[in-house]
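In case you want the letters, here they are:
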Amino acid sequence: MTSLLTPVRAWHRPLVVCAALMLGLVLVSGVGTFVDGRTLLDESVWVKPLKFGFAFGLYAGTLAWLLTKLTRGRRLGRWLGTVFAVAATVEVGAITAQAARGTFSHFNADRSDPVTLALVPLLTFGVMVIVVAQLILAVVVLIQRTGGAALNRAIRSGLALATFGMVVPVFWMITEIHSRTVTDANGRPVQMYQGHGIGDPDGHGMPLTNWSVTGGDFRVPHFFALHGIQVLLVITAVLGALAAKHVRLRDEKVRARLVGSAALGYTGLVAVVTWQAWRGQSLIHPDAATLLALAAVLLLTAATTAAVIAKAGRATAGRATAGRATAGRATAEPVTADSAAVEAAAAEPAAGPVLSRPAC
């Protein structure tokens, strides 16, 4: 548990500043959703900055902590962390500027707006910089021994999931082209070259997330995969806390196996929602095939978790039995030695004066 805790003052400073800026944006955007009535595709213009601020703030904070665990490639890791912080700040700053102007940020092909013409390249290349930095960071982390086996497994699995989550948006930008004209919050027609929805480009989505309810949406696997590392780190921390009360969890290898089981299940979940979005199906309208796949993932995760716990229980019981046997032998041996001494003494002839027979 202590390996998870590092003083905040030791965290990567640029990423901490980035996370703080994102938290401030979340608060400002939250207020904006209530006081500003402008909308883009039926959602407040401030919802997108709010979502991006939350996602990047949480991830930047996680990376700021993670970089304190590096033992190899520390300088490269810190440099990449700075690149990530700057790129994320520029990316979300451009999104916020477009939202404040009441127009679209990503997929905006409007050639008549000079501000959009200046910001769209930042948005496009900013994503690429973030993805490349993430990929290199993932390689750096793979060569580390950051702590116990459970923490190592959580970090590596979570970072692999996050990398996949960042690649998904790039994939759909390349493969799904939906050119169309929409209206921004100022009533101006805007040419768009892409959309988030699969089957329905504009989503017509859920409250807050705006994930499509009329088609597939690659933002769903993007979200789940990106935040898998936080889920696995929380599971690792909870297992470490429970180890104080549950003997079978005190073995680091047992906790590592349980984290691995959780990572397997979470990866299965990401795979299913990615497959679901690819087929143009909304998250909240799964068909029989999707439900069957989710059930298979759940059963596999439950089975592997139960197997790990059962094996740990048998090992704990075996150690307890061996301990009692050892303690019993240690207690019995002095008594046996004392008994042997008493028996040896009783077998010896009694000491005393020797009487000679009178001579006849």
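Further up the page is the structure itself.
All of the points below concern the structure found in this document.

Basis of the calculations
Along each chain, residue indices are assigned from 1 in the same order as the chain's sequence is written. In keeping with the model being predicted, local features are shown solely for residues with a pLDDT of at least 70 and side-chain atom pairs are shown and tallied solely at 80 or more, while totals for entire chains, interfaces and linings include all residues. Based on all heavy atoms of the structure, the side-chain values leave hydrogens and waters out of the count. Strands here mean DSSP runs of E at least two residues long; helices mean DSSP runs of H or I at least four residues long; both are numbered from the N terminus. Whether two residues are in contact is decided by their heavy atoms: any pair within 4.5 Å suffices. Accessibility throughout is a Shrake-Rupley quantity obtained with a 1.4 Å probe, and a residue counts as covered only by protein chains that appear here. Grouping buried Ala, Val, Leu, Ile, Met, Phe, Trp, Tyr and Cys residues that are joined through side-chain atoms within 4.5 Å yields what is termed a nonpolar core. Exposure classes here rest on a 1.4 Å probe applied to the protein chains alone. A residue is buried below 20% of its type maximum, exposed above 50%, and partly exposed in between. Two rings belonging to Phe, Tyr or Trp (six-membered ring only in the last case) form a pair when the distance between their centres is within 6.5 Å. Interplanar angles under 30 degrees mark stacking, angles over 60 mark edge-to-face geometry, and anything in between is tilted. Distance thresholds for patches are 9 Å for like charges and 5 Å for nonpolar side chains (Val, Leu, Ile, Met, Phe, Trp, Tyr), applied to residues having over 30% relative accessible area and no salt bridge. By definition, a salt bridge exists where a carboxyl oxygen of Asp or Glu is found within 4 Å of a side-chain nitrogen of Lys or Arg. A helix is expected to reach a length of 1.5 Å times the quantity of its residues less one. For the purposes of these results, a polar contact is taken to be a pair of N or O atoms within 3.5 Å, where, inside protein, one atom must be able to donate a hydrogen and its partner to accept one; residues adjacent in sequence count only when each atom of the pair is a side-chain atom. Paired strands are those between which DSSP finds at least two bridges. Positive residues here are Lys and Arg, negative ones are Asp and Glu, while His and the chain termini are left out of the count. By convention, charge coordinates are those of NZ in Lys, CZ in Arg, CG in Asp, or CD in Glu.

Observations regarding the overall build of the chain
Counting secondary structure elements, the chain contains nine helices and six strands. Counted over contacts in the chain with a minimum sequence separation of 6, partners at least 24 positions apart contribute 68%. On the chain, roughly 18600 Å² of surface is accessible, and the fraction owed to carbon and sulfur atoms is 70%.

Observations regarding the nonpolar core
With 55 residues, the main nonpolar core has Leu-15, Tyr-59 and Phe-84 as its most contacted residues. Examining the composition of this core, we find that nine residues originate from one element, helix H5 (residues 149-175), more than from any other. If sequence neighbours within four positions are ignored, Leu-15 has contacts with Ala-60, Leu-63, Ala-64, Leu-67, Gly-81, Phe-84 and Ala-85.

Quick notes on the packing of aromatic side chains
Scanning the entire structure with this criterion turns up eight aromatic pairs. Seen in terms of ring centroids, Phe-56 and Phe-84 are 6.4 Å apart; in terms of plane orientation they differ by 50°. Their pairing is tilted. With Phe-56 in helix H2 (residues 47-66) and Phe-84 in helix H3 (residues 74-100), this residue pair connects regions lying 28 residues apart in the sequence. Each member of the pair, Phe-56 together with Phe-84, is buried. Taken together, a centroid distance of 5.8 Å and an interplanar angle of 45° make the contact between Tyr-59 and Phe-84 tilted.

Quick look at a nonpolar patch on the surface
There is a patch of nonpolar side chains on the surface, built from Leu-76, Trp-79, Val-132 and Ile-136 and spanning about 380 Å² of accessible area. When contributions to the nonpolar patch are tallied by element, the ones reaching two or more residues are H3 and helix H4 (114-142). Along the chain, the position of Ile-136 falls in helix H4.

Thoughts on unusual backbone geometry
Unusually for a residue other than glycine, Leu-41 sits at a positive phi of about 50°. Mapping Leu-41 onto the fold places it in the loop between strand E1 (39-40) and strand E2 (43-44). Of note, the phi angle at Asn-210 is positive, near 60°, even though the residue is not glycine. Counting through the fold element by element, Asn-210 comes out in the loop between strand E5 (197-198) and strand E6 (216-217). Classification of Asn-210 by relative accessible area gives buried; the value is 9%.

Looking at the pattern of salt bridges
Applying the stated criterion to the full structure yields seven salt bridges. Its salt-bridge partner being Asp-113, residue Arg-101 comes within 2.8 Å of it at the nearest N-O pair. Placement of the pair is Arg-101 in the loop between H3 and H4 and Asp-113 in the loop between H3 and H4, with a sequence separation of 12 residues. What makes Arg-101 partly exposed here is its relative accessible area of 30%. The partner of Arg-188 in a salt bridge is Asp-184, with the nearest N and O atoms 3.7 Å apart.

Quick notes on helix H8 (residues 252-278)
Along its 27 residues, H8 runs 39 Å from first to last C-alpha, staying within 8% of the 39 Å computed at 1.5 Å per residue. The N-terminus of H8 is capped by Asp-251, whose side-chain oxygen sits 3.0 Å from the backbone nitrogen of Lys-253. Looking one or two residues past H8, Gly-280 carries a phi angle of roughly 75°, positive in sign.

A word on the pairing of strand E3 (residues 180-183)
On E3, burial follows the alternation: Arg-180 and Val-182 on one face are buried, whereas Thr-181 and Thr-183 on the facing-out side are not. In this structure, the hairpin formed by E3 and strand E4 (residues 189-192) is closed by a connection of five residues, where Gly-187 is found at a positive phi of approximately 85°.

A few points about a positive patch on the surface
A cluster of basic residues, Arg-153, Lys-253, Arg-257, Lys-311 and Arg-314, forms a positive patch on the protein surface. Elements with a contribution of two residues or more to the positive patch: H8 and helix H9 (288-347). Here Lys-311 shows up in helix H9.

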